[in-house]
Amino acid sequence: VDVVGYSRLMGDDEEATLRTLTEYRAIMAEQIEGHHGRVVDSLGDALLAEFESPVDAVAGAAEIQRRLASRNSQLAQHRRMDVRIGINLGDVLHKDGALYGDGVNVAARLESLADPGGICISRALHEHVAGKLGIGFEDLGDHEVKNIARPVRAYRAILDRPAAREGGAATGEAETIGRLPDRPSIAVLPFDSMSSDPDQDFFADGLTEDIITELSRFRELFVIARNSTFTYKGKPVKVQDVARDLGVRYVVEGSVRRVGNRVRVAVQLLEGATGHHIWAERYDRNLDDIFALQDELTQAIVATLPGRMEAASLDQIKRKPTDNLAAYDYVIRGKIHHHRGTAEDNAEALRLLDKAIELDPGYAHAYAWKACTLAQAWVRGYLTDEEDDVGARSNRALQTAYELDQNDSECHRILAAVHLNQRDFERATYHQERGLALNPNHDLLVVQNGEILTWRGRPDEGVEWIERAMRLNPFHPERFWNHLGRALYLARRYAEAVVAFRKLTAPDYTHRAFLAASCAQLGETEAAKAHADEALAAKPDFGLDAYLERLPYEHDADRAHHREGLLKAGFPE
């Protein structure tokens, strides 16, 4: 057993944390002893226990989580203490009252795979307890874990659902397929090789494995491991059956065909419950370097899939009653309102993100997006430090997100964005680089790298990164054109900047201002004035200094260059 976010809790209030920990240890010890187990060790925020019976171990763990959840509901949100529990069945070595051995190490690794407030068990344990406790289990697949030579098969206990469904599979099997994860879940089936050439078969398998590996970098996605999906290789399958058996919401299918010196890869994203198509694409490439080709196709597919899944999730969320949403759904809704950017949408985004945090206090994404939304409110003047300590609130949310998950690329991306707006360029760059190292194929991270380089005075490099993001995801958000246009303006490539900004279907006053400056620098006086007039009409209280101050230029020379273009276009001082 281990406490989630213990360092944060201690940092906030040591005495309160120790009081809660002492109380919770007593609850755990009572349940362990009541289920014929014994506490072996309880140093710091961790606890190790041994049981005589696998059934007693799982029953005791389930009761611990229920008791702690009940106690947590009586505490303030920021003081709640969740624990993760990992349970393994295996031989151990007793020495001087302590436990040692591989069996203990596997239990510790399973604990790290468990959700806050959850339980994760091994395959060996699952075989003993399946169907005996009225608890459902979800197969999480095989995991490579630290200091364990072999993959560890993990099962997540479902504490709020019965084990089997009426008319389902045999007892024990039905437990693993009855419930979808709360967040987007996906299985990538082995791509079909449309040839008897074994080299092409290896290419198809390698492409599938690479896609699974790269999708696993997106911590918001629940991705079924290769060992599970490759059991379907070469078999005729029905998408609905695969989705039910693996417990996923989405399934990816694909095929590889070689024609002369070209390779054609077809890929489709399907909704598991219905088999309906969500997205499909075909890629035709020259077969010059097979490994480089595999990398290119992997990047293109992986950069597109998460966005298509999020769009499909949003469609599903819209059909749900707004008072019955999971934490992930609240975050998705909050992100949509954040991207709209108005004062009203900003306030609604904050409300939804707070709901997500209330449902799941250990949800790093929710805290990160709350920090981003608070920063947006500060940058756009919706809230000020005089009215509300919005800067401190944003930083607290940032710190919480970071403490909860330091290996989440999306958290690093948002941390970089917020630090950029706070003009902390070094920390912004650190988190940006860390995010890219964790997930180099995330189009939002790639485009943001271009943004940061632009604001730091390296616009030509910024243009290259932004264009790379556009190639990675041909379905990229329209705002990528805004990022590209700004970088091109700073790079003195004004004509190209105009082309980029004209791609925007509904330009706001900030886009008009850049368009006006670009046209003015080209000597197109009438066009510059027209865009300036539209910007001023949309923002009657436009102030040159206030506008420029909100743009995170690191160098005064870049801000002066922007000012020069605006003055040429006819904006008042």
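Below: a short report on this structure. Just so we're clear, the structure is a prediction, and the values are computed from it rather than from any experiment. Position numbers for residues count from 1 along each chain, tracking the sequence in the order it is written. Selection of residues for local features in this predicted model requires a pLDDT of at least 70, selection of side-chain atom pairs for listing and counting requires 80 or more, and totals for whole chains, interfaces and linings are taken over all residues. To obtain the side-chain values, all non-hydrogen atoms of the structure were included, while hydrogens and water were left out.

With that settled, consider the overall build of the chain. Across its full length, the chain carries 23 helices and 15 strands. Taking all 573 residues of the chain together, the buried fraction comes to 51%. By definition, residues are in contact when any of their heavy atoms lie within 4.5 Å. Within the chain, counting contacts between residues at least 6 apart in sequence, those at least 24 apart form 61% of the total. Taken as a whole, the chain presents about 26200 Å² of accessible surface, with 47% of it coming from carbon and sulfur. Comment: elements are numbered from the N terminus, with helices defined as DSSP H or I runs of at least four residues and strands as E runs of at least two. Relative accessibility decides the category of a residue: with a 1.4 Å probe and only protein chains considered, values under 20% of the type maximum give buried, values over 50% give exposed, and everything between is partly exposed. Using the Shrake-Rupley algorithm and a 1.4 Å probe, accessible areas are obtained, with residue cover drawn only from the displayed protein chains.

The next thing to look at is the environment of Ala-49. Summarising the element assignment, Ala-49 is placed in strand E3 (residues 48–51). If we ignore the near neighbours within four places in the chain, the residues touching Ala-49 are Ile-32, Arg-38, Val-39 and Val-40.

Before going further, it helps to spend a moment on helix H2 (residues 14–34). Over its 21 residues, H2 runs 30 Å from end to end, which matches the ideal 30 Å to within 8%, given 1.5 Å per residue. Those residues of H2 that fall on the buried side of the exposure criterion are Ala-16, Thr-17, Thr-20, Leu-21, Tyr-24, Ile-27, Met-28, Ala-29, Gln-31 and Ile-32. Next to the buried residues of H2 lie strand E1 (2–3), helix H1 (6–12), strand E2 (37–41), E3 and helix H3 (54–72). N-capping of H2 is provided by Asp-13, with a side-chain oxygen placed 3.3 Å from the backbone N of Glu-15. Looking at the residues trailing H2, positive phi occurs at His-36, about 60°. A helix is expected to span 1.5 Å for every residue after the first. Definition of a polar contact: a pair of N or O atoms within 3.5 Å, with one able to donate and the other able to accept a hydrogen when the atoms are protein atoms, and with sequence-neighbouring residues admitted only if both atoms are side-chain atoms.

Our focus in this paragraph is the pattern of salt bridges. Note on definitions: salt bridges are taken to be side-chain nitrogens of Lys or Arg within 4 Å of carboxyl oxygens of Asp or Glu. Here the structure, examined in full by the defined rule, presents 28 salt bridges. Between Asp-541 and Lys-539 there is a salt bridge whose closest N-O contact spans 3.5 Å. Through salt bridges with shared partners, one network takes in Glu-63, Arg-66 and Arg-67.

The quantities given are spatial measurements derived from coordinates; they are silent on function.
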